[in-house]
Amino acid sequence: MASAEVQKIVKDLINSNKVVVFSKSYCPYCKATKQLLTSLKIQFALLELDQVSNGSSIQDYIEELTGQRTVPNTFINGKSIGGNDKLQALNSSGQLTKLLQD
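Below you will find a few notes about this structure. (Residues numbered from 1 in each chain as written. Predicted model: local features only at pLDDT ≥ 70, side-chain atom pairs only at ≥ 80, totals over all residues. Heavy atoms only, no water.)

**Observations regarding the packing of aromatic side chains**
Phase 1 of the analysis: Taken as a whole, this structure holds 1 aromatic pair when the rule is applied.
Phase 2 of the analysis: Measuring from ring centre to ring centre gives 5.7 Å for F22 and F75, while their planes differ by 80°; the resulting arrangement is edge-to-face. Here the residue F22 occupies a position in strand 1 (residues 19–23), and F75 occupies one in strand 3 (residues 73–76), the gap between them amounting to 53 residues.
Phase 3 of the analysis: Overall, the relative accessible area of 0% leaves F22 in the buried class. (Phe/Tyr/Trp six-rings, centres within 6.5 Å; stacked < 30°, edge-to-face > 60°. Helix = DSSP H or I, 4+ residues; strand = E, 2+ residues; numbered from the N terminus. Buried < 20%, exposed > 50% of the residue type's maximum accessible area, 1.4 Å probe, protein only.)

Below, the structure is given as structure tokens:
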């Protein structure tokens, strides 16, 4: 069970940003996600789990919330949409723009 502090960090990020990416700075899939969002001029909050002292606890809690341990884990409008493959597919199908308009 995640600490209250970790839960607050994650929930505050998700609730106060339309798009949040939980990432690791060295991950190529994370880089692809960040590049796509940046190229589309989509503002997003970013938490590099390998660059914060409680990153593994945060990753554990995100897994509790979503069932997904891998990064990136992207949230749009408070809902996890999954990893880079899902984000790329949403973009290719035109659904990403629709999700962002909600």
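**What to know about helix 2 (residues 28–39)**
Phase 1 of the analysis: A rise of 1.5 Å per residue sets the reference length of helix 2, with its 12 residues, at 16 Å; its end C-alpha atoms lie 16 Å apart and thus fit the reference within 8%.
Phase 2 of the analysis: The set of residues buried in helix 2 consists of C30, T33, K34, L36 and L37. End-on, the buried residues of helix 2 take up no more than an arc of 160°, which puts them together on one face. Facing away from the buried side of helix 2 by over 90 degrees, the exposed positions are P28, Q35, T38 and S39.
Phase 3 of the analysis: Tucked inside the fold, the buried residues of helix 2 contact strand 1, strand 2 (45–48), strand 3 and helix 4 (84–93).
Phase 4 of the analysis: Looking at the residues trailing helix 2, positive phi occurs at K41, about 60°. (Expected span 1.5 Å × (residues − 1). Arc of directions from axis to C-beta. Contact = heavy atoms within 4.5 Å.)

**Considering the nonpolar core**
Phase 1 of the analysis: In this structure, V10, F22 and I58 are the most contacted members of the largest nonpolar core, which totals 17 residues.
Phase 2 of the analysis: Looking at this core element by element, the count peaks at 4 residues for helix 1 (residues 4–16).
Phase 3 of the analysis: Residues in contact with V10, not counting those within four places in the same chain, are F22, I58, Y61, I62 and L65. (Core = buried A, V, L, I, M, F, W, Y, C linked by side-chain atoms within 4.5 Å.)

**Observations regarding the pattern of salt bridges**
Phase 1 of the analysis: This structure, assessed with the given rule, holds 4 salt bridges.
Phase 2 of the analysis: As a salt-bridge pair, E48 and K34 come within 2.7 Å of each other at their nearest N and O atoms. Within this pair, whereas E48 is found in strand 2, its partner K34 is found in helix 2, the two being separated by 14 residues in sequence. Each member of the pair, E48 as well as K34, carries the same accessibility label: buried.
Phase 3 of the analysis: Measuring nitrogen to oxygen at the nearest pair gives 3.5 Å for the salt bridge that ties R69 to E63.
Phase 4 of the analysis: Classification of R69 as partly exposed rests on a relative accessible area of 35%.
Phase 5 of the analysis: You can call E63 partly exposed: its relative accessible area is 32%.
Phase 6 of the analysis: Three or more residues joined by partner-sharing salt bridges are found here, namely D60, E63 and R69. (Salt bridge = Lys/Arg side-chain N within 4 Å of Asp/Glu carboxyl O.)

**As for the packing of helix 1 against helix 3 (residues 55–66)**
Phase 1 of the analysis: At a minimum axis distance of 10 Å, the contact between helix 1 and helix 3 shows a crossing angle of 65°. With respect to each other, helix 1 and helix 3 are oriented roughly perpendicular. Viewed along their axes, helix 1 and helix 3 form a crossing whose handedness is right-handed. Of the residues in helix 3, those touching helix 1 at V6, Q7, I9, V10 and K11 are S57, I58, Y61, I62 and L65.
Phase 2 of the analysis: Taken together, the residues of the contact of helix 1 with helix 3 break down into 7 nonpolar, 2 polar and 1 charged. (Axes fitted to C-alpha atoms, helices over the stretch in contact; angles between N-to-C directions. Parallel < 35°, antiparallel > 145°, perpendicular 65-115°, else oblique. Left-handed = near helix turned anticlockwise from the far one by under 90°. Nonpolar A, V, L, I, M, F, W, Y, C, P; charged D, E, K, R; others polar.)

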